[in-house]
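What follows is each chain in one-letter form.
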Amino acid sequence: MGAMGILLIVIEQLLKANGKNDIAVLANLAGIVIILITIIGMVSTLFDTVRAMFTM
């Protein structure tokens, strides 16, 4: 998560430095969506693991 966030910040800064603010915003939004999808998958796996632990 942290590495993805750092990469997202670097990409945003590079795009802003080149005057591509609109693409920087889109890249930022796409990165946030990807990170949220990853977190949802991790939370789902966590709930499945907890459910399996208590159904023994």
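Relevant structure appears above.
How each quantity is defined
- Residues numbered from 1 in each chain as written.
- Predicted model: local features only at pLDDT ≥ 70, side-chain atom pairs only at ≥ 80, totals over all residues.
- Heavy atoms only, no water.
- Helix = DSSP H or I, 4+ residues; strand = E, 2+ residues; numbered from the N terminus.
- Buried < 20%, exposed > 50% of the residue type's maximum accessible area, 1.4 Å probe, protein only.
- Areas by Shrake-Rupley, 256 points an atom, 1.4 Å probe, with all protein chains shown as cover.
- Salt bridge = Lys/Arg side-chain N within 4 Å of Asp/Glu carboxyl O.
- Expected span 1.5 Å × (residues − 1).
- Contact = heavy atoms within 4.5 Å.
- Arc of directions from axis to C-beta.

**Here's the deal with the overall build of the protein**
No. 1: Looking only at helices and strands, the protein features two helices and zero strands.
No. 2: C-alpha extents for the protein along the principal axes are approximately 60 × 15 × 5 Å.
No. 3: A buried classification covers 11% of the 56 residues belonging to the protein.
No. 4: As displayed, the protein offers around 4500 Å² of accessible surface, 76% of which is attributable to carbon and sulfur atoms.

**Comments concerning the pattern of salt bridges**
No. 1: With the rule as written, the count across this model stands at two salt bridges.
No. 2: Where Glu 12 meets Lys 16, a salt bridge forms, and the shortest distance between an N and an O atom there is 3.3 Å. In this pair, Glu 12 and Lys 16 are both assigned in helix α1 (residues 2-17), four residues apart and thus about one turn of the helix distant.

**A look at helix α2 (residues 21-54)**
No. 1: Counted at 1.5 Å a residue, the expected span for α2 with its 34 residues is 50 Å, and the 50 Å between its end C-alpha atoms agrees.
No. 2: Along α2, the positions that sit buried rather than exposed are Ala 24, Gly 31 and Ile 35.
No. 3: Summarising the contacts, the buried residues of α2 are in contact with α1.

**Regarding the environment of Phe 54**
No. 1: You can see Phe 54 is positioned in helix α2.
No. 2: Residue class for Phe 54 comes out exposed when judged on its relative accessible area of 69%.
No. 3: A C-alpha to C-alpha distance of 52 Å links Phe 54 and Ala 17, two positions 37 residues apart in sequence.

**Focus: α1**
No. 1: Between the first and last C-alpha of α1 there are 23 Å, a value that for 16 residues agrees with the 22 Å anticipated at 1.5 Å per step.
No. 2: Residues Leu 8, Glu 12 and Leu 15 constitute the buried set of α1. The buried residues of α1 occupy one face: seen down the axis, they fall within an arc of 70°. Along α1, the residues that are exposed and aim more than 90 degrees away from the buried face are Ala 3, Ile 6, Leu 7, Leu 14 and Ala 17.
No. 3: Looking at the buried residues of α1, the elements they touch are α2.
No. 4: Once α1 ends, the next one or two residues include Gly 19, with phi positive near 80°.

Geometry only, nothing functional implied.
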